[in-house]
Every structure is written in C-alpha cells, then in structure tokens.
Amino acid sequence: MKTFRLLALFLMAASAHAYDNSSYYHIVHLYSWTSGDVHVWLKESAAAHQCSDDTYPTRYLMKRSTAEEFDQKFSLLLAAKASDEPIKLRYECGSDGLPYIQAIRF
C-alpha cells in the first residue's frame, strides 16, 4: 500500500509541470476577491506566463489553500507590493489554462 501511495504521488508530481519566472518582477496590482481568490498583476511584459490562456499574460492567480500557506504567500505579496520590491514566482498551469502560484521568492 505504501508503494502505491508513493507511486501515485510521483505520477501527480510528474504530470503537473511547474514553471519559474526567469527573473524578478514588480507587482503592479494585487487584488483579493470575496471568493478568496487573489489576482497578481506583474508590471514587466517579460513576466508573461507560459499557460494556454494568454488573455492576461502577466496575471497570476492564487486560490485559497490551507490557511497557513495562503497567509504566508499573501503576506509576501503584500510586502512586495508595499515596498515595491520585485518577486520571482513558481507557478503551475491549471486545467483551465490559467497560471496558479505555487511559490514566491521575495
């Protein structure tokens, strides 16, 4: 049973490809909606994501996950926006073609 769980985790990780921004970019807009979704807009056009939905190429999304993880990520985003410090993102393309933030480097 343990081997099956490890294999399942490996397959899930292999099927979900994460991307890293190539550089650090500034946040131009940060929105938090009543649904709990957060939209992050990066300033530089070079910050465009690699996902299939390119309607807004420099917009990244963050869904509410565990409270602690969400709070940590949102705190980093707020600090970066308030101080105008650049960030680097790791994101994953969702099944809807949109980029979802996995990790933030500040």
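Preceding block: the structure.
Residues numbered from 1 in each chain as written. Predicted model: local features only at pLDDT ≥ 70, side-chain atom pairs only at ≥ 80, totals over all residues. Heavy atoms only, no water.

So, on to the overall build of the protein chain. Across its full length, the protein chain holds two helices and six strands. Ordered by position from the N terminus, the helices and strands of the protein chain form the series α-β-β-β-β-α-β-β. A total of about 6,900 Å² of accessible surface is found on the protein chain, and carbon and sulfur atoms cover 56% of it. (Helix = DSSP H or I, 4+ residues; strand = E, 2+ residues; numbered from the N terminus. Areas by Shrake-Rupley, 256 points an atom, 1.4 Å probe, with all protein chains shown as cover.)

Here strand 4 (residues 59-62) shows two buried faces, one formed by Arg59 and Leu61 and the other by Tyr60 and Met62. As paired elements, strand 3 (residues 38-42) and strand 4 share four bridges and run antiparallel to each other. Counted as the bridge partner of Val40 is Tyr60 from strand 4. (Buried < 20%, exposed > 50% of the residue type's maximum accessible area, 1.4 Å probe, protein only. Pairing = 2+ DSSP bridges.)

For the coordinates displayed, the defined rule picks out three salt bridges. Its salt-bridge partner being Lys73, residue Glu69 comes within 2.8 Å of it at the nearest N-O pair. Taken as a pair, Glu69 and Lys73 lie in helix 2 (residues 67-83) at a separation of four residues, close to a single helical turn. What makes Glu69 partly exposed here is its relative accessible area of 32%. (Salt bridge = Lys/Arg side-chain N within 4 Å of Asp/Glu carboxyl O.)

Now for helix 2. An ideal rise of 1.5 Å per residue puts 24 Å on 17 residues; helix 2 measures up with 24 Å between its terminal C-alpha atoms. Where helix 2 is concerned, the buried positions are Phe70, Lys73, Phe74, Leu77 and Ala80. Down the axis of helix 2, the buried side of the element spans an arc of 125°, and every buried residue falls inside it. Facing away from the buried surface of helix 2 by more than 90 degrees, the exposed residues are Ala67, Glu68 and Ala82. On its buried side, helix 2 packs onto strand 2 (27-32), strand 3, strand 4 and strand 6 (99-105). A positive phi of about 60° marks Asp84, the residue just after helix 2. (Expected span 1.5 Å × (residues − 1). Arc of directions from axis to C-beta. Contact = heavy atoms within 4.5 Å.)

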